[in-house]
Amino acid sequence: MERDKLLDIYRRTMRVARFDEQMRTMIMSGKLATLYYTVRGQELVSAAMMAALDQGDYLVTTYRGQHDQIAKGVPLGPLIAEIAGRATGTCKGKGGSMHITHPASGVMVTTGVVGSGLPIANGLAMASQNRQDGKVTVTCFGDGATNIGAFHEAMNMAQLYALPVIFFCQNNHYGEHTAFADHTKVESIAARAAAYRMRAVTVDGNDAEAMYAVAQEAVARARAGEGPTLIEAMCYRMMGHFFGADFSYMPKEHIEEMKAADPLPRLRQLMLDRQFTESELDAQLAGIEAEVAAAFQFAFDSPFPGADELQKDVFEEVVAEGMYGA
Amino acid sequence: MSKITMVQALNRAIDEAMAEDEGVILLGEDVAAKQGGGVFKVSSGLTEKYGEHRIRATPISETAIMGACVGAALAGMRPIAEIMLMNFVTVAMDQIVNHAAKLRFMSGGQTNVPLVIRTTTGVGVGFGGQHSDMLEAWFAHVPGLKIVTPSNAADAQGLMRAAIACNDPVIFIENILCYGLQGEDPGANHVVPLGQAAVPVTGTDCTIITYGRTVIDAIAVAGQLRDEGISVEVIDLRTIAPFDEATVLASVRKTGRAVVLHEAVKAFGTGAEISARINEKLFGQLKAPVHRIGGAFSAVPMASVLEQAWIPTKDEIATAVRHAMAWSAAT
């Protein structure tokens, strides 16, 4: 792997990691009151996937999606302001963490409904196919989403039309509080692709080089008109379903396995193995930490949205008296 | 004057929009030439002109159809989803209610969903409980959706052009019983703006507010009552939500009496909203209580005799108007 690309993945990963760490700090200190689906443990899978995309490529993600959005390039200030319900947020505070949207970075939908993003991703890809604009659409979801009908309908349709879409399953071993083996009888998510004659790959998502290689190949195939790929990236959800939630239901062995697979020390070691120096990496981190701190400050300094926002963006036109007895 | 059926009118509107804008695409079960151009032939001849990438025959996957249309719309296309029958729309509710309707708002206006959801339904042909429902009230309750239904061919053509041009999602309800009816041919490039009611019959004693197929019944009843000396005004809402409140209030202010009529189940229907709006704004000016007429509170039955008992009849409409007139005389 090229040195620059590895550094790019490292930077994306650490921006996610420092953001996540600060989110948890802010919630624990009472500075931010919000429901937060922490991305701890899934920083690297996303970073390596998004590093294979262009800014104009589309992303559709889900409520546990802050790692995907940051790795795709959503600016931190407006992202955090959105989570904090500020007027300067990506969505003027009207969406929140579960509905981050930022078309300038290609983030078209973040959905709070499990599995709903997959059919939408097909539509974005269909637009690209019709226009031949060369864009690729990636849709992120967890293992739990593969048991809802939308997954199966979307997989079948994507393959039928050979759409330039990548179904990016971050298999973190749990659907809400239910372990994979308790919700699914097939041994892997990738196995399900065979039912639709779709190409599928299972990869260790915490192996930066392997994850990036799989991502790059899927993107190249989609761009070349060779159709969709299902990527099953194995990873761990290290802090439960949402931050603060009990995860004592996880067996001790799983928690040990999870800690041993932590992508952050592993990536750091890989960087050192690839001849990056400690001081080089520390300098990168210092820059990222300053950026994250400034972004939180920007959010907290921002005003809240006005009540007139309720009448805006329902339709293109403002909802006026007489339209809905307002 | 030349005549045209509602199917021909809809076909022409979609054809014109597709010729004008490459972003207009149609997705649905059986819609392409290979499958016969749609169950009701609305997309007949379009595949030959625009190709299979723009007229996409889909698997029987309402969620995937609707999701694909939402995604294509987000990318700036103007998709039309054909959901064969209105009851099947229920399979795609998540995409319509949680996504199509809300993405503009939840994104703070950064994205929008210019999508037309075409669907058909209708009571009176014995299709039974899962192929006949009018479900407009479900969608009218969701902020972010517009709902349209034509009662004649010319309006079908004009409303379809406006719906495709609209930058927000529009549910376009067609009635199976109206598809073959001949109506005035409005000619090419006819547009009927959304949100504007029509007044096919003017009168001074009582206003019947309705939409879709029951407009035909209301017009017939107005003719019948004219012979009894009752002057009925008929309002065809055309756009159910958001409805043309100004036209409704102006008419009822004039007549002092209102009957709200729809084919959908009366209980918790759109008639309740329209009635409430009239009561809130014109309470002191009404000469009779606002009366609602709608379908019975049961699933739509199959047997013809039961179906006719279920659906609002012309007699029921005429009786409601006469009661409103009598109420006025008694007070």
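Residues numbered from 1 in each chain as written. Chains lettered and ligands numbered in written order. Predicted model: local features only at pLDDT ≥ 70, side-chain atom pairs only at ≥ 80, totals over all residues.

## Some points on the overall build of chain B
Here is step 1: Within chain B, the secondary structure is distributed over twelve helices and 14 strands.
Here is step 2: Computed over its C-alpha atoms, the radius of gyration of chain B comes to 20 Å, within 12% of the 20 Å expected for a compact globule of 331 residues.
Here is step 3: Overall size of chain B, expressed as C-alpha extent along the three principal axes, is 65 × 45 × 40 Å.
Here is step 4: Relative to its 331 residues, chain B shows a buried fraction of 60%.
Here is step 5: Nonlocal contacts in chain B, meaning residues at least 24 apart in sequence, comprise 79% of its contacts between residues at least 6 apart. (Helix = DSSP H or I, 4+ residues; strand = E, 2+ residues; numbered from the N terminus. Rg over C-alpha atoms; globule rule 2.2 N^0.38 Å. Buried ≥ 20, exposed ≤ 12 C-beta atoms within 10 Å, placed from the backbone. Contact = placed C-beta atoms within 7 Å.)

## Some thoughts on the overall build of chain A
Here is step 1: Counting its regular elements, chain A contains twelve helices and eight strands.
Here is step 2: What you see for chain A is a C-alpha radius of gyration of 20 Å, in line with the 20 Å of a compact globule of 326 residues.
Here is step 3: Taking the principal axes of its C-alpha atoms as reference, chain A extends roughly 60 × 50 × 40 Å.
Here is step 4: Taken across its 326 residues, chain A has 50% of its residues classed as buried.
Here is step 5: Considering only contacts within chain A whose residues lie at least 6 apart along the sequence, 74% involve residues at least 24 apart.

## Some words on the packing of helix α1 (residues 3-28) of chain A against helix α2 (residues 43-50) of chain A
Residues and elements named next belong to chain A.
Here is step 1: Two elements in contact, α1 and α2, have axes whose closest approach is 8 Å; the angle formed by their N-to-C orientations is 140 degrees. Accordingly, the angle class assigned to the pair α1 and α2 is oblique. Seen along the crossing, α1 lies across α2 with a hand that is right-handed. Residues Ile-9, Arg-12, Thr-13, Val-16 and Ala-17 of α1 form the contact with α2, whose participating residues are Glu-43, Leu-44, Ser-46, Ala-47, Ala-48 and Met-50.
Here is step 2: Residue composition of the contact of α1 with α2, by class: seven nonpolar, two polar and two charged. (Axes fitted to C-alpha atoms, helices over the stretch in contact; angles between N-to-C directions. Parallel < 35°, antiparallel > 145°, perpendicular 65-115°, else oblique. Left-handed = near helix turned anticlockwise from the far one by under 90°. Nonpolar A, V, L, I, M, F, W, Y, C, P; charged D, E, K, R; others polar.)

## Considerations on the sheet that holds strand β13 (residues 258-265) of chain B
Residue and element names in this part refer to chain B.
Here is step 1: Pairing is mixed in the open sheet, where five strands are placed in the order β9-β11-β10-β13-β14. Pairing within the sheet leaves two strands with one partner each, and these edge strands are β9 (198-201) and β14 (291-295). Sheet twist, expressed as the mean angle between neighbouring strand axes with direction ignored, is 25 degrees.
Here is step 2: Note: strand β10 (residues 206-210) against strand β11 (residues 232-236), five bridges, orientation parallel. Across the sheet, the residue bridging to Ile-208 is Val-234, located in β11.
Here is step 3: Strands in contact with helix α8 (residues 214-226) are β9, β10, β11 and β13; relative to β11, the strand with the most contacts, it is inclined by about 170 degrees. (Pairing = 2+ DSSP bridges.)

## Let's talk about the interface of chain A and chain B
Accessible area lost upon the coming together of the parts is a frequently used measure of interface size.
Here is step 1: Contacts between the two partners involve 37 residues from chain A, matched on the other side by 39 residues from chain B.
Here is step 2: Contributions of two or more residues to the side of chain A that touches chain B are made by β2 (107-111), α5 (117-131) and α6 (149-161) of chain A.
Here is step 3: The element best represented in the side of chain A that touches chain B is α5(A), accounting for nine residues.
Here is step 4: Broken down by class, the residue content of the side of chain A that touches chain B amounts to 19 nonpolar, twelve polar and six charged.

## Some thoughts on the confidence of the model for chain B
Here is step 1: Of the residues in chain B, 99% have a pLDDT of 70 or more, and the chain-wide mean is 97.
Here is step 2: Here the prediction assigns the complex a pTM of 0.97, and the interface score ipTM is 0.97. (pLDDT = per-residue confidence, 0-100.)

## As for helix α9 (residues 208-223) of chain A
Residue and element names in this part refer to chain A.
Here is step 1: Between its terminal C-alpha atoms α9 stretches 22 Å, which fits the 22 Å expected from 16 residues at 1.5 Å a residue.
Here is step 2: Among the residues of α9, those classed as buried are Ala-208, Met-211, Tyr-212, Val-214, Ala-215, Ala-218, Val-219 and Ala-222. Down the axis of α9, the smallest arc covering the buried residues is 165 degrees, so these residues share one side.
Here is step 3: Each element contacted by the buried residues of α9 is listed here: α1, α2, β4 (165-171), β7 (199-204), β8 (229-234) and α11 (263-273). (Expected span 1.5 Å × (residues − 1). Arc of directions from axis to C-beta.)

## Side note on helix α1 (residues 6-20) of chain B
For an α-helix the count is 3.6 residues per turn, leaving residues at separations of three or four pointing the same way.
All names here are of chain B.
Here is step 1: Helix length check: α1 (15 residues) gives 21 Å between terminal C-alpha atoms against 21 Å at 1.5 Å per residue, within 8%.
Here is step 2: The element α1 is largely enclosed, with a buried count of eleven among its 15 residues.
Here is step 3: Where α1 is buried, its residues meet β1 (3-5), β2 (24-28), α2 (46-50), β4 (78-83), α7 (153-165) and β8 (182-184).

## A closer look at the packing of helix α4 (residues 76-83) of chain A against helix α12 (residues 278-301) of chain A
Geometrically, a packed helix pair is captured by the angle between its two axes and the distance between the axes.
Residues and elements named next belong to chain A.
Here is step 1: Their axes nearest at 8 Å, the elements α4 and α12 cross at an angle of 45 degrees. Relative to α12, the element α4 lies oblique. In this structure, the crossing between α4 and α12 has a hand that is right-handed. Across the interface between the two elements, Leu-76, Gly-77, Ile-80 and Ala-81 of α4 pack against Glu-291, Val-292, Ala-295, Phe-296, Phe-298 and Ala-299 of α12.

## A look at the pairing of β13(B)
Residue and element names in this part refer to chain B.
Here is step 1: Where burial is concerned, most of β13 is hidden: eight out of the eight residues are buried.
Here is step 2: Note: β13 against β14, four bridges, orientation parallel. The residue bridging Val-260 from the neighbouring strand is Arg-292, located in β14.
Here is step 3: At this point the chain moves from β13, through helix α10 (residues 270-282), to the parallel β14, and the crossover so formed is right-handed. (Right-handed = clockwise from strand over helix to strand, strands pointing away.)

## Points about the environment of Met66(B)
All names here are of chain B.
Here is step 1: With respect to the element layout, Met-66 can be found in helix α3 (residues 62-74).
Here is step 2: For Met-66, a count of 30 C-beta atoms within 10 Å puts it in the buried group.
Here is step 3: A C-alpha to C-alpha distance of 6.4 Å links Met-66 and Ala-92, two positions 26 residues apart in sequence.

## Structural notes on the sheet that holds β8(A)
All names here are of chain A.
Here is step 1: Judged by pairing direction, the sheet is parallel, and its six strands sit side by side in the order β2-β1-β3-β4-β8-β7 without closing on themselves. Sheet topology places β2 and β7 at the edges, where each strand pairs with a single neighbour. With direction set aside, neighbouring strand axes in the sheet form an average angle of 15 degrees.
Here is step 2: Both strand β1 (residues 58-62) and strand β3 (residues 137-142) contribute to a ladder of three bridges, which runs parallel.

## A closer look at the environment of Gly108(B)
Here is step 1: Topologically, Gly108(B) is positioned in the loop between α5 (103-106) and β5 (116-121).
Here is step 2: Counting along the chain gives 37 residues from Gly108(B) to Leu145(B), while the straight-line C-alpha distance between them is 16 Å.

## Details of the domain arrangement of chain B
Residues and elements named next belong to chain B.
Here is step 1: When the domains of chain B are assigned, the result is domain 1 (3-184) and domain 2 (198-330).
Here is step 2: In this structure, domain 1 and domain 2 have C-alpha centres spaced 27 Å apart.
Here is step 3: Each side of the interface is counted separately: domain 1 has 25 residues, and domain 2 has 26 residues.
Here is step 4: Going through the elements one at a time, α6 (136-140), β6 (146-148), α7 and β7 (170-175) are the ones with two or more residues in the side of domain 1 that touches domain 2.
Here is step 5: When grouped by side-chain class, the residues that make up the side of domain 1 that touches domain 2 number twelve nonpolar, nine polar and four charged. (Domains from an automatic or database assignment.)

## A short note on the nonpolar core
Here is step 1: Ala48(A), Ala163(B), Val259(B) and Val321(B) are the most contacted members of the largest nonpolar core, which has 201 residues in total.
Here is step 2: When residues no more than four places from it in sequence are discounted, the contact partners of Ala163(B) are Val116(B), Val148(B), Val170(B), Phe172(B) and Leu194(B). (Core = buried A, V, L, I, M, F, W, Y, C linked by C-beta atoms within 7 Å.)

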